[in-house]
Structures are given as structure tokens and as C-alpha cells.
Amino acid sequence: MGKTLLDKVWDAHAVRELTSGQTQLFIGLHLVHEVTSPQAFAMLREAGLKMAFPERTIATVDHIIPTESQNRPLGDTQAEVMLSAIERNCREHGIRFFGPESGHQGIVHVIGPEMGLTRPGMTIACGDSHTSTHGAFGAVAFGIGTSQVRDVLASQCLAIERPRVRRIEVSGKRSRGVFAKDVTLHIIRRLGVKAGVGLAYEYAGPVFAEMSMEERMTVCNMSIEGGARLGYINPDATTIEYLRGREFVPSGEAFEQAAKTWLATASDADAIWHDTVQIDAAEIAPTITWGINPGQAIGVDEAIPSASEFAEDERAVVEDAYGYMGWSRGDRIAGTKIDVAFIGSCTNGRLSDLREAARVARRGRVAPGVKALVVPGSQAVARAAEAEGLDEIFRQAGFEWRLAGCSMCLAMNPDKLHGRQVCASSSNRNFKGRQGSPGGRTLLMSPAMVAAAALEGAVVDVRSLLAGEEG
Amino acid sequence: MSTESLIRVERIVGRPIPLPGNDIDTDRIIPARFMTAITFDGLGELSFRDARFDAEGGELAHPMNDPRYRAKGRRVAIVNKNFGCGSSREHAPQALHRWGIHALIGESFADIFFGNCVAMGIPCVTATTADIARLMQLVEQDPAHDLTIDLLARTASYLDQTLPIALSDGAAHQLLTGTWDATRLLLEAMPKIREVAARVT
Ligand code: SF4
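Residues numbered from 1 in each chain as written. Chains lettered and ligands numbered in written order. Predicted model: local features only at pLDDT ≥ 70, side-chain atom pairs only at ≥ 80, totals over all residues. Heavy atoms only, no water.

A. View of the interface of chain A and chain B. At the interface, 67 residues of chain A touch 53 residues of chain B. Taking both sides of the interface into account, the surface hidden between chain A and chain B amounts to around 4,900 Å²; carbon and sulfur atoms contribute 58%. Across the contact surface, chain A and chain B share six salt bridges. Of the charged contacts, one joins A:Arg16 and B:Glu188 as a salt bridge, the two residues approaching to 3.7 Å between their closest N and O atoms. (Contact = heavy atoms within 4.5 Å. Buried area = accessible area lost by both parts, 1.4 Å probe. Salt bridge = Lys/Arg side-chain N within 4 Å of Asp/Glu carboxyl O.)

Structure below.
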């Protein structure tokens, strides 16, 4: 009987079975950022413990970093305290830290893959729920809390239960203007935000096979929004080609050897999955959230659904969303006025995302009264985009071109919504207050759709803007 | 750490507080703007900040503002489905714990939130939709009694009602044996850890 990728990776990293029935799982790569780690380092110190494998942890600063100027000391004193704390902790424990001066700083889930730190068959943990992003490479990667960060610092291990695997097959072909973001929003819309609890999502089928690594990261990133702690895509030739030549990846013959091992971690054809879900790509339109969780999503050409379309026990959340977002019966999502447009985040802050957005941005100017931000996911993404002149395209269209960080995805830096502003956002969460204002409203969509909304001043179907353009 | 004795979590007794609603995310439990400190201190009063207070600091209707549920002391929260979804921030259970919550009973919990709670010695137990609805109603009518969560008997009891609760075997074992703070347990296997480390990238 065959095994899934999850089973292979799990078995290879299992230190032992604990009497609780959980696995003591070895974590190959531990990623650390400034918000969820200081308390863990304090716990370690309090317990009088040292790090077991400091060379297996890397750190960066992303959540609190300002995107207008990163000159020290940072303008916000609390942010400066956090940055100083992670610098100090990394120095003290001998952890490699990619700070603003390193040229490698960026969102932790952007820099790991781009440096080749994320590779197939690994176990990866980070005090951040979007660690699921790294599953795009066929890694078993998941978010943990601060007490568990302490456990990994101390022992490089976690006590954890093995999830069951749901295979999500998307067949057929995406139509033009339908991006990876639309595919993942559609999956969450179909299955719901709690369907993945206790499960790992394995994404399979022609639509994912055709995707670039950056698109695959967008999909795996949002596994957590569907309730799954982790999501992955089996490694294939696309994975191998992406990794070739990256900084932390071996070269020459060693690479060819590694590539064979990586490909062998893919799920076997006769593996047993917990269950399988089939989705046809033909049913996926450019998709936008209308509510207060990522499952409350619709196609751009649809009206806000009425409460009667939902299961009885979903209706309270639906009513809450109507009130918070300010919808009236029968409203359509297209034409909804926006105040802010945000392109960035670990979901959609990579080079290909910026290219798609720039393709739209160069066709016009940001509508009067709209504040439009482009925040590259990392310093490396920023450099690559600038080398192609994308920054100029954005600036000329009236977008602000910022420095790398999480920025308005969760607004722990000065980039925030105000009052009840409506934001077209390429990020991953539309929770109440997520973008920094307790009444702020978020519409999640693809970066191209955000750019289109910025030009229009309202939600618009990007396909109408791109009509007539070649592929 | 070896000097520390194991703290077994077997039975939690506290006044109930219903926190109704499905899909309550950790951004709502503790908004990100309150996470710019390097300790968890002071988070308790910031629990559910934006659901409890308007922009001017005026109180909104929320169970945590309700005098019936506000009395100091240990509390057991009653919740619905997928509580604690979204961000992995341990700030969320830390805030609830500092507010006074020592156990949660609900229809279901998000994975990472659940794991964070276990690692803090806080049980998140589940019961059926009907039982949770009944419990919430009972508490609404008459809130001034203790709710008992018994992990050994796998029951929750309030007034004259006792209902069955569920908890995964792994979490139950960790709480009941006092190994919810897993660090020491994990470190016991260091020779084996080194073997695996030598083998995997
Ligand atoms: S970009 Fe947003 S979701 Fe991603 S790590 Fe940063 S804050 Fe979290």
C-alpha cells in the first residue's frame, strides 16, 4: 500500500511515539519573526535552557517593520523594541538573522522559499499560521503558538498529532483572468472555513500541476483559512526547476541527487487519502470576499448572497457580516466603492503577483481619492521588480511603492485603514478589524483585481480591463 | 525545569461565561495592534477589545462587559463552532487566560488555538451542538453557579445537568499527566533527536 507525502515526511521525522499517542516530530527548519518569538525566548531563559540546534532556525523582521523608512531607530518605539529584541535574541543564541540591512529581509514565508531554505520533504514550523505556504514545495509546514516555539527552540521537536489528508483535485483549465488566488478563495467558499480542521490539504490535479511555484504558494498559504493547518502540493519538475541555483540549495551532482530524493517524497498513486474533493476549474470566476471570513466569497459577477442560501447555523455569522460590511439586500459586489488598495502580503507579494498587477496598473491611473499601496514581500522581490521597471509603472499610475514587510495585511506598522474604509486587498484575511481599524472593511481578491479596483475606484471584473490583451 | 513539579489538569471549576458565535477568530479575541509588546502582560483586559468597546471607549453589549459574568475568579467559557480560527497568535489564549478563563467548552476549536491552549494547560473540550445550546441557555437563565469540567469522568456539569464531553486522547493524556508543558518530555529523547537530525535536512 502506498503512502501520502504527509506520511512519508512524518515517518522520516518521527523521533518517537509518545504515550499520549502523539508523535514527537523533528522540525527540520524553524522560522522566527519578531512578534511571536520574544516570549518564547523569555520562557527558554526562565527554564535555564539553551537552543538544541540553532543552525536550524532562521529569523527575520516582517510584521512591525515600517514600509516608508526602515532607518534606525524605527519611528514607532514599540516596533524598535521588538526589532532590538529579536536582534538580541538571535545574537545570544547564534541564530542567522535577516534584518533590514541584510538585503534578504522580508515576509518570513517569502524569504524562506526564495533563498532555497524551503525544500521538498522537510518539516517546517513557525510561530505563524501562514507557514502552510511552504507546503507548495511538498514540505510539511505548519504554524505553532509561542509555547510550541519554545519547545522547538529547546528541542527542535513538537508533540503533535498526525493529521489526516484530504486530497483536493481541481480538474480542467482556468479561464483567463482567473488566478491562483481565485482558485484558493473558491475552494474555501465551497468547503467552508472549518472544513479543514484536523486535516492536511493535498492539492492535486491539472490546475495545480500547471501552476508556477509562486502560484502554488498562494494556494497553500490560504489552507489555514479553510481550517487546515497545512496544505501541500507534491513536488514535480516545476519544483525542481524553481530550486535549481538558489542560495541554500546544493549545486552540481549533489543537486541532481537531492532532486531524485525530493521527487520520491510525492504521494504514491496507491496512497490512501482520508477523502477526496473534486472541483472543476470551469466553475471558478475571479473571486472576492464580501464578508468577515475568507469563506464568505463570491464571483465578481454575483450579488451578495441572501441569508437563506446558508445553512441555518451559518446565518448568525452571515447577518453579522451584512451589518459590519454595510450590505443591503440584493447589492452586487461589482461597483462597490473602495478607499484603499493594498497589493502585497505572503499570499500575493511575490514577483509574479506584482507583474500581474502592473499589467493592469499601466493601463490607467489610480482613481481620485483612492490610496494605493504596493508592498513587495521581500527585499529580493523589490530588487527584481525594480530591475524590470515595475516600480516605475506603479508610481506612474499613482501607486505608492513601499519597502518590504507585512504592512497592511495586519497593520502592525503605520499602514492602517481608518474608520470604516473599504480596502481591496491581495492579503488573506478579511476578519473584522484585521487591517488596523476596528471598523475597517476588507475585500480579498487577486493582485490583478486589486489593481483594477484601484484604477476604477470600485470593484471591477479584471477580465473586462484585460479584454483584447494577448494571453 | 527539572525542579518543577508536574501540574495535572483533571477538574476545572469556575463560573461560566458564554461567548456565542461561530468562527470567532483570534484577531477578534486580541487585535494585532495590542501585540506590539515583547511580553504577554496586560493582555487580559484587552480580550475582545473591539467587540467590547466602541472607538470612544464606550461599552458595547458583550458578555465580558455583562455584570453577571464579570465577577473576578476562575471562569469557564462556553463557545460554539471553530472558536479561535485564523492567526496562530498565542496572545489569544494568553489574553483569555489572563482575563480569568481556565477552560473552554464548545462545539469545535481551530487546530492551532487548541494546541496553544493545551500547551498552556487549558482544556478545550467539545460537546454536541444540542448540549452546548442547552448549556448556554441554562447559564443565561441562571448564571451564578459553578460549571465543572471533569476530564477524568469526561463530563461537564452545571446545576442538576451533566453532559458528556470529548477531548482528543493526546490532549487528555497531556493534561491528565501534567505533561502539557512538553519541553521536558521532548528533551528526554535527545539521543534519538540527534539521530534524526543527522539523517534529515
Ligand atoms: S503578510 Fe500577513 S498573513 Fe503573511 S505573515 Fe505577514 S501578517 Fe501574517
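B. Here's a closer look at the side chain of A:Gln435. When you line up the elements, A:Gln435 lands in the loop between β18 (422-425) and β19 (441-444). Side-chain polar atoms of A:Gln435 contact the backbone oxygen of A:Met408, separated by 2.9 Å. (Helix = DSSP H or I, 4+ residues; strand = E, 2+ residues; numbered from the N terminus. Polar contact = N/O pair within 3.5 Å; in protein donor to acceptor, adjacent residues only side chain to side chain.)

C. Up close: the packing of aromatic side chains. All names here are of chain A. Taken as a whole, this structure holds ten aromatic pairs over all chains when the rule is applied. A ring pair is formed by Tyr203 and Phe208, whose centres lie 5.4 Å apart and whose planes are at 55°; its orientation type is tilted. Given the relative accessible area of 2%, Tyr203 is considered buried. The class for Phe208 is buried, based on a relative accessible area of 1%. Cluster of aromatic residues (ring-pair linked, three or more members): Tyr201, Tyr203 and Phe208. Residue placement shows Arg167 over the ring face of Trp273; its charged tip is 4.6 Å from the ring centre. (Phe/Tyr/Trp six-rings, centres within 6.5 Å; stacked < 30°, edge-to-face > 60°. Buried < 20%, exposed > 50% of the residue type's maximum accessible area, 1.4 Å probe, protein only. Lys NZ or Arg CZ within 6 Å of the ring centre and 35° of its normal.)

D. Summary view of the sheet that holds strand β1 (residues 14-17) of chain A. Residue and element names in this part refer to chain A. Across the sheet, which stays open at both edges, the three strands sit in the order β1-β2-β8 with antiparallel pairing between neighbours. Strands at the two margins of the open sheet, each flanked by one partner only, are β1 and β8 (157-160). Ignoring strand direction, the axes of neighbouring strands in this sheet form an average angle of 20°. (Pairing = 2+ DSSP bridges. Axes fitted to C-alpha atoms, helices over the stretch in contact; angles between N-to-C directions.)

E. Representation of the nonpolar core. With 101 residues, the main nonpolar core has A:Phe142, A:Phe394 and A:Phe399 as its most contacted residues. It is helix α16 (residues 447-456) of chain A that contributes the most residues to this core, eight residues altogether. The residues touching A:Phe394, leaving out its near neighbours within four places in the chain, are A:Ile343, A:Leu354, A:Ala357, A:Ala358, A:Ala361, A:Val374, A:Phe399 and A:Trp401. One finds B:Ile101, B:Phe113, B:Val125 and B:Leu151 within the second-largest nonpolar core, a separate group that totals 54 residues. (Core = buried A, V, L, I, M, F, W, Y, C linked by side-chain atoms within 4.5 Å.)

F. Broad picture of the site of the ligand. Residue and element names in this part refer to chain A. Every residue near the ligand is listed here: His63, Ile107, His109, Asp128, His130, Ser345, Cys346, Cys406, Cys409, Leu410, Asn428 and Arg434. A per-class count over the shell around the ligand returns five nonpolar, five polar and two charged. Lining the shell around the ligand are residues from two domains, each supplying at least three of them: domain 1 (5-160) and domain 3 (291-466). (Near = heavy atom within 4 Å. Nonpolar A, V, L, I, M, F, W, Y, C, P; charged D, E, K, R; others polar. Domains from an automatic or database assignment.)

G. Quick peek at the domain arrangement of chain A. Residues and elements named next belong to chain A. Taken domain by domain, chain A comprises domain 1 (5-160), domain 2 (164-235 + 259-283) and domain 3 (291-466). Across the boundary between the two partners, domain 1 contributes 23 residues, which contact 23 residues of domain 2. Counting the surface lost from both domain 1 and domain 2, the interface buries some 1,900 Å², and carbon and sulfur atoms represent 63% of this. Three residues stand out in domain 1 for area buried against domain 2, namely Leu5, Lys8 and Ala136, and they jointly supply 29% of the buried area on that side. The interface formed by domain 1 and domain 2 includes one salt bridge. Between Lys8 and Asp268 there is a salt bridge, with the nearest N and O atoms lying 2.9 Å from each other.

H. Main features of the environment of B:Leu186. Structurally, B:Leu186 can be placed in helix α8 (residues 183-187). For the pair B:Leu186 and B:Leu19, spaced 167 residues apart in sequence, the C-alpha separation works out to 35 Å. Once you skip the residues sitting within four places of it in the chain, B:Leu186 turns out to touch A:Arg16, A:Gln24, A:Asp151, A:Ser155, A:Cys157, A:Leu158, A:Ala159 and B:Ile193.

I. Just the pattern of salt bridges, in detail. This structure, assessed with the given rule, holds 48 salt bridges over all chains. With its nearest N and O atoms 3.0 Å apart, the salt bridge here joins A:Glu400 to A:Lys371. One end of the pair, A:Glu400, is in strand β17 (residues 400-401); the other, A:Lys371, is in strand β16 (residues 371-374), and 29 residues separate them in sequence. Note on A:Glu400: relative accessible area 26%, which makes it partly exposed. On the accessibility criterion, A:Lys371 (38% relative accessible area) is partly exposed. The residue B:Asp131 makes a salt bridge to B:Arg134 at a minimum N-O spacing of 3.0 Å. Of this pair, B:Asp131 and B:Arg134 are both found in helix α6 (residues 129-141), three residues apart, which corresponds to roughly one turn of the helix. The buried category is assigned to B:Asp131, whose relative accessible area is 13%.

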